[in-house]
Amino acid sequence: MKRNVDFKDISDGKLYSSNDMVRADCHNCEGCSACCRGMGKSIMLDPFDMQRLCKGLSVNFDGLMERYIELHAADGMIVPNVKMDGQEEACVFLDAGGRCSIHSFRPGICRLFPLGRYYEGDGFRYFLQIHECRKKDRGKIKVKKCRFVKHLLQ
Ligand code: SF4
Ligand code: SF4
């Protein structure tokens with residue numbers, strides 16, 4: 001999806017390839033679940049996410065719609081997204097301990113975070129979103145060792 005933002009305002013201004021080092025290691029998000037709350041409709045799901053959610057939760061599309069996801073319109077398309085719930089607007093998959101209850105099959109956006117993809121020509125590179133992740137002491141990690149990227153390369 002296209003975002004109408006200035007790249008310099010949301011990133012450190014660099015584009016990363018899979019062999020580059022990037023400050024995106026959140027130390028397994030210990031003690032933090034900030035990006036699992038108040039995310040509105042932004043945790044969007046692609047067909048691969050949908051297939052993994054159905055398999056992981058042992059439900060079909062209707063079952064997902066009953067409890068976990070909703071549909072919204074974006075760029076002229078109907079797109080599914082993970083629901084936020086309650087006063088805190090917490091993701092429906094966030095457990096009482098503030099951890100993701102579907103960690104092994106969580107959506108691609110969650111796996112990639114705090115990296116994003118920057119599409120150019122026929123391919124893409126990665127960028128670091130500088131405002132969204134609350135962890136102040138993120139370590140450096142090779143892009144291809146990030147959980148989502150690693151998953152794609154396996
Ligand atoms: S699916 Fe998991 S990682 Fe993604 S927002 Fe929900 S609780 Fe957080
Ligand atoms: S804000 Fe950063 S450290 Fe906190 S849960 Fe999200 S990715 Fe992990």
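Report on the accompanying structure. (Residues numbered from 1 in each chain as written. Chains lettered and ligands numbered in written order. Predicted model: local features only at pLDDT ≥ 70, side-chain atom pairs only at ≥ 80, totals over all residues. Heavy atoms only, no water.)

**With respect to the side chain of Gln129**
Following the sequence through the fold, Gln129 ends up in the loop between β7 (123–128) and β8 (139–142). Among the polar contacts listed, one links the side chain of Gln129 to the backbone oxygen of Leu115, at a separation of 3.3 Å. (Helix = DSSP H or I, 4+ residues; strand = E, 2+ residues; numbered from the N terminus. Polar contact = N/O pair within 3.5 Å; in protein donor to acceptor, adjacent residues only side chain to side chain.)

**Overview of the pattern of salt bridges**
Here the structure, examined in full by the defined rule, presents 4 salt bridges. The residue Lys8 makes a salt bridge to Asp6 at a minimum N-O spacing of 3.5 Å. Where Arg37 meets Glu88, a salt bridge forms, and the shortest distance between an N and an O atom there is 2.3 Å. Of this pair, Arg37 sits in the loop between β1 (21–25) and α2 (47–57) while Glu88 sits in the loop between β4 (84–85) and β5 (90–91), and the two are 51 residues apart along the sequence. (Salt bridge = Lys/Arg side-chain N within 4 Å of Asp/Glu carboxyl O.)

**Comments concerning a nonpolar patch on the surface**
Taken together, the side chains of Phe61, Leu71 and Ile78 define a hydrophobic patch exposed on the protein surface, amounting to about 290 Å² of accessible area. Within the element layout of this structure, Leu71 appears in strand β2 (residues 69–74). (Patch = residues over 30% accessible without salt bridge, like charges linked within 9 Å, V, L, I, M, F, W, Y side chains within 5 Å. Areas by Shrake-Rupley, 256 points an atom, 1.4 Å probe, with all protein chains shown as cover.)

**Points about the site of ligand 2**
Taken together, Cys26, Cys29, Cys32, Ser33, Cys35, Phe113, Cys133, Arg134 and Lys135 form the complete shell of residues around ligand 2. In terms of residue class, the shell around ligand 2 is made up of 6 nonpolar, 1 polar and 2 charged. (Near = heavy atom within 4 Å. Nonpolar A, V, L, I, M, F, W, Y, C, P; charged D, E, K, R; others polar.)

**Here's the deal with the nonpolar core**
Counting residues in each nonpolar core, the largest one holds 13 residues, and the members touching the most others are Leu45, Leu53, Leu64, Ile69, Val82 and Phe93. Excluding its chain neighbours within four sequence positions, the residues that come into contact with Leu45 are Met50, Leu53, Ile69, Pro80, Asn81, Val82 and Pro107. Counting 10 residues, the second largest nonpolar core, distinct from the first, contains Val22, Leu128, Ile141 and Cys146. (Core = buried A, V, L, I, M, F, W, Y, C linked by side-chain atoms within 4.5 Å. Buried < 20%, exposed > 50% of the residue type's maximum accessible area, 1.4 Å probe, protein only. Contact = heavy atoms within 4.5 Å.)

**Observations concerning the site of ligand 1**
Around ligand 1, the neighbouring residues are Cys36, Cys91, Phe93, Leu94, Cys100, Ile102, Pro107 and Cys110. When grouped by side-chain class, the residues that make up the shell around ligand 1 number 8 nonpolar, no polar and no charged.

**Let's talk about the packing of aromatic side chains**
If you walk through the whole model with that rule in mind, you get 5 aromatic pairs. Their ring planes at 20 degrees and their centres at 5.1 Å tell us that Tyr68 and Phe93 sit as a pair that is stacked. In this pair, Tyr68 is assigned in the loop between α3 (61–67) and β2 and Phe93 in the loop between β5 and α4 (108–112), connecting sequence segments 25 residues apart. Residue Phe93 is classed as buried on the basis of its relative accessible area, which comes to 4%. Geometrically, the ring pair formed by Phe124 and Tyr126 is edge-to-face, given 5.4 Å between the ring centres and 90 degrees between the ring planes. (Phe/Tyr/Trp six-rings, centres within 6.5 Å; stacked < 30°, edge-to-face > 60°.)

**Notes on the side chain of Asp49**
On the secondary structure map, Asp49 appears in helix α2. Lacking a salt bridge, the buried Asp49 has Arg52 as its closest oppositely charged neighbour, with an N-O distance of 5.3 Å. Once residues lying within four places of it in the same chain are set aside, the contact partners of Asp49 are Met44, Pro107 and Gly108. (Lys, Arg positive; Asp, Glu negative; His and termini not counted.)

Take it as geometry only, folks, not as evidence of what the structure does.
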